[in-house]
Amino acid sequence: MNLVLISTYELGRQPFGLASPAAWLRARGHSIACLDLSREALNEAAIRAAELIAFYVPMHTATRLAAGLITPIRVMNPHAHLCFYGLYAPVNEEYLRGLGVGTILGGEFEEGLASLAGRLELSVRNHNGETAQAEPVISLARQKFLVPDRAGMPELAKYARVVMPGGEQRIAGSTEATRGCKHLCRHCPIVPVYNGAFRVVERDVVLADIRQQVAAGARHITFGDPDFFNGPAHAFSIVEAMHREFPELSYDVTIKIEHLRKHDVHLATLRDTGCLFVISAVESVDDFVLEKFDKGHTRADFLAVAARFRELGMTLLPTFVPFTPWTTLEDYNDLLDVIAQQDLCENVAPIQLAIRLLIPAGSRLLELSAVRAMVGTFDSAALIFPWKHADARLDALCHEISDLVQRGEKLKLTRTEIFSHIGRAARAAAGQGELPGVQHSLAKSTPVPFLDEPWYCCAEPMNDQFVSIGKVKEAVAKADQFV
């Protein structure tokens, strides 16, 4: 079979979600083209030749962009079987099937894709036409993973890089040691699919994947696990072995505040094995919002972790969802004050301060009667339940800050400089003046290492201001000329 696997966006990383199934499918003799539209043009010849076209949709924006490609791709190739796979496929099953998608795969999708390709091949051979989907829409089967096959994908140098405090840039590779998550945070898109389960990628497979990326020029590895401490023993066995083999290789991981508190005694091991920074979805410093999200930590926990990281000489990169239905102008300004007081202005990607809560299909937030009463009818084009803030000034501020961030990045301002502009806008919206000592606090902000493509989870900036989104929209526009 001729297959095309398409990724529209995966946080600036070379997509594991293409490379992993490519290994399974090539091992079964299929011809695979992997297209990452955040880094390359749509390959018309590959699309026209394909018998199966599968879109990888690990996040909300990737799904919206992929859905926009269905019509032009159908014009190029009206006969290929269409598949959507990844976190956002099963929760949007009804909408995607309405667009003509034949197979939906969520959870552990490699086995399902291999089964689908085999089923289609048999159908062609027997001239009996396609049959209904036989693969489970959501599979949590324990797979034996293969080493991802990254052949034919854009080189690592085209993806996100680590920017060091002195300006040095490091080529970054990426891999996954686990999937899913044992936690049930209400706003998280993982929960409707995995429902508290997580699956392990075998240690030898992870190390082999790291090895091949180092050979391709990687000097840093991003672990894409939703939470690296879901399986601490597994995690440490990997980073300790990686550090022994590649002592100069740095890495980053994503870990919940709750786990950073629980496994405090092991944080130094991360530092000593080359962990350059830890990303943590703090989301809010308001305990009321954290309770709504069912995050499992409090404001005090976050402050304790920030203090512990300073003590250990480690770098914490917190992420936030600052605009929620429960946020007030005072809350937003309080968040900015905490970030400044904790000397974290350089640690927070400015776009994080413009993030607005998304409520997608399947969200556990819909368990809350107050949320159900607040949201509008599901918007299938935007793939969300829309909501408006009770205080219109919050929605206006969100738009303003998104614009400020975009302008600041175009002017190549530092994160702290952009933060200062955001602070002024937020104070003005609340009718407040600058707090004494804030500018002094900003002046002493310390540069930190970070990936040059911001990190997103289950929420997005108001105006879709993604680093790579423009490239994908160009691909969609180019495809549209065939319609």
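Residues numbered from 1 in each chain as written. Predicted model: local features only at pLDDT ≥ 70, side-chain atom pairs only at ≥ 80, totals over all residues. Heavy atoms only, no water.

Trainee: Explain the packing of aromatic side chains to me, please; I cannot follow it from the model alone.
Mentor: Pairs of aromatic rings are described using the distance from one ring centre to the other and the angle between the two planes. All chains considered together, the criterion is met by 11 aromatic pairs. A connected cluster of aromatic rings, assembled from ring pairs, spans Tyr 56, Tyr 85 and Phe 109. The aromatic ring of Phe 109 is capped on one face by Arg 179, whose charged end is 4.4 Å from the ring centroid. (Phe/Tyr/Trp six-rings, centres within 6.5 Å; stacked < 30°, edge-to-face > 60°. Lys NZ or Arg CZ within 6 Å of the ring centre and 35° of its normal.)

Trainee: Please explain the sheet that holds strand E3 (residues 52–56) as it appears in this structure.
Mentor: Strands pair in a sheet through their backbones, by hydrogen bonds, and they do so in one of two ways: parallel or antiparallel. One open sheet accounts for 6 strands, arranged E2-E1-E3-E4-E5-E6; its pairing is parallel. Only two strands of the sheet have a single partner each, and these edge strands are strand E2 (31–36) and strand E6 (138–139). Both E3 and strand E4 (residues 81–85) contribute to a ladder of 5 bridges, which runs parallel. Looking at the pairing, Phe 55 lines up with Phe 84 of E4. The strands touched by helix H1 (residues 16–27) within the sheet are strand E1 (2–7), E2, E3 and E4, with E2 carrying the most contacts at an inclination of about 175°. Strand contacts of helix H3 (residues 60–76): E1, E3 and E4, with the helix running at about 175° to E4, the strand carrying the most contacts. (Pairing = 2+ DSSP bridges. Helix = DSSP H or I, 4+ residues; strand = E, 2+ residues; numbered from the N terminus. Contact = heavy atoms within 4.5 Å. Axes fitted to C-alpha atoms, helices over the stretch in contact; angles between N-to-C directions.)

Trainee: What exactly am I supposed to notice about the nonpolar core here?
Mentor: The nonpolar side chains of a soluble globular protein tend to be buried, and buried together. One finds Phe 223 and Leu 270 to be the most contacted residues of the largest nonpolar core, which totals 67 residues. Considering every element that reaches this core, the biggest residue donor is helix H14 (residues 329–341), with 7 residues. With sequence-adjacent residues up to four places away left out, Phe 223 is seen in contact with Thr 175, Ala 177, Val 206, Ile 210, Phe 228, Ile 238, Val 239, Met 242, Tyr 251, Asp 252 and Val 253. Residues Ala 46, Val 57, Ile 70 and Val 193 belong to the second largest nonpolar core, which totals 32 residues. (Core = buried A, V, L, I, M, F, W, Y, C linked by side-chain atoms within 4.5 Å. Buried < 20%, exposed > 50% of the residue type's maximum accessible area, 1.4 Å probe, protein only.)

Trainee: What exactly am I supposed to notice about the pattern of salt bridges here?
Mentor: If the charged atoms of two oppositely charged side chains come close together, the side chains can form a pair. This structure, assessed with the given rule, holds 25 salt bridges. Where Glu 44 meets Arg 48, a salt bridge forms, and the shortest distance between an N and an O atom there is 2.7 Å. Of the two residues, Glu 44 and Arg 48 both sit in helix H2 (residues 44–49), 4 residues apart, roughly one turn of that helix. Judged by relative accessible area, which is 42%, Arg 48 ranks as partly exposed. With a closest N to O distance of 2.9 Å, Arg 271 and Asp 272 form a salt bridge. When its relative accessible area of 47% is taken as the criterion, Asp 272 is described as partly exposed. Connected through shared salt-bridge partners, Glu 108, Glu 110, Glu 176 and Arg 179 make up one network. (Salt bridge = Lys/Arg side-chain N within 4 Å of Asp/Glu carboxyl O.)

Trainee: Before we go on, may I ask you to explain the pairing of strand E14 (residues 316–320) in this structure?
Mentor: Sheet faces and side chains relate simply in a regular strand, where the side chains alternate between the two faces. Here E14 lies mainly inside the structure; 5 of its 5 residues are buried. Along E14, one buried face is formed by Leu 316, Pro 318 and Phe 320 and the opposite face, lined by Leu 317 and Thr 319, is buried too. Inspection of the sheet shows strand E13 (residues 275–283) paired to E14 by 5 bridges, in the parallel sense. Its bridge partner lying in E14, Ile 279 is registered against Leu 317.

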